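# Structural overview for review
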Amino acid sequence: MTLYATLEEAIDAARETFLADNPGLEEGDANIQQFNMQKYVLQDGDIMWQAEFFADEDDEGECLQMLSGEAAQSVFDGDFDEIELRQEWLEENTLHEWDEGEYQLEPSLDTEEGQTAADEWDER
């Protein structure tokens, strides 16, 4: 799992991964049916993102499904508003790091790092 500091970087990486996983497919010929994304809050309070594209709506990945059909294709084609995607994200789906590489839906409040992350999270 690779995380990115911005949603745009995560989307670019997901596009590259999709094309690498489908050799011989040109970017303009890709038929995207599903776009997934996931937001993470690390122990130090940093926000990170992960994104995925799939050619089939029934495919499952590591992230939550956000868009399908034409909307997913638009994101793949770069025709999207990052602010709008961020606004559509449900905060209760954000994963919080509680141990290195381990995530849960609620921030861990029993450590100084967890409390700091939770405080920074509340400020946003």
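Anything mentioned here points back to the structure above.
For the structure given in this document, a descriptive report is provided here. (Residues numbered from 1 in each chain as written. Predicted model: local features only at pLDDT ≥ 70, side-chain atom pairs only at ≥ 80, totals over all residues. Heavy atoms only, no water.)

### What about the overall build of the protein?
Our working definition: Each helix is a run of H or I in the DSSP string that is no shorter than four residues. Each strand is a run of E no shorter than two, and both are numbered from the N terminus. Exposure classes here rest on a 1.4 Å probe applied to the protein chains alone. A residue is buried below 20% of its type maximum, exposed above 50%, and partly exposed in between. In what follows, residue pairs with any heavy atoms lying within 4.5 Å of each other are defined as contacts.
Within the protein one finds four helices and five strands. Secondary structure elements of the protein occur, N-terminal to C-terminal, as α-β-β-β-α-α-β-β-α. Classification of the 124 residues of the protein by burial places 39% in the buried group. Of the contacts formed within the protein by residues at least 6 apart in sequence, a portion of 60% connects residues at least 24 apart.

### Looking at the nonpolar core
Condition: Buried residues of nine kinds, namely Ala, Val, Leu, Ile, Met, Phe, Trp, Tyr and Cys, make up a nonpolar core once their side-chain atoms join them within 4.5 Å.
One finds Ile11, Phe35 and Phe53 to be the most contacted residues of the largest nonpolar core, which totals 21 residues. Broken down by secondary-structure element, the contributors of at least two residues to this core are α1 (7-21), β1 (34-41), β2 (47-54) and α2 (69-76).

### Thoughts on the side chain of Glu52
We apply this condition: His is not counted, nor are the chain ends, whereas Lys and Arg count as positive and Asp and Glu as negative. The salt bridge criterion pairs a side-chain nitrogen of Lys or Arg with a carboxyl oxygen of Asp or Glu, the two atoms within 4 Å. Under the rule applied, a polar contact is a pair of N or O atoms within 3.5 Å (in protein, one hydrogen donor and one hydrogen acceptor; residues adjacent in sequence only if both atoms are side-chain atoms).
Within the secondary structure, Glu52 is located in strand β2. Arg15 is the oppositely charged side chain nearest to the buried, salt-bridge-free Glu52, at an N-O distance of 15 Å. Among the polar contacts listed, one links the side chain of Glu52 to the backbone nitrogen of Cys63, at a separation of 3.1 Å. In this structure Glu52 touches Ala14, Gln34, Phe35, Asn36, Gly61, Glu62 and Cys63, once residues within four positions along its chain are discounted.

### A few points about α2
Side chains that are three or four residues apart share a direction in an α-helix, a result of its 3.6 residues per turn. For clarity, the cut-off: Regarding the arc, it is the one traced by the directions from the helix axis to the C-beta atoms.
Listing the buried residues of α2 in full gives Gly69, Ala72, Gln73, Val75 and Phe76. The arc that holds every buried residue of α2, seen down its axis, measures 160°, which confines them to one face. Residues of α2 that are buried make contact with α1, β1, β2, β3 (64-68) and α3 (82-88). Following α2 by one or two positions, Gly78 adopts a phi angle in the positive range, close to 85°.

On their own, these measurements won't tell you what the molecule is for.
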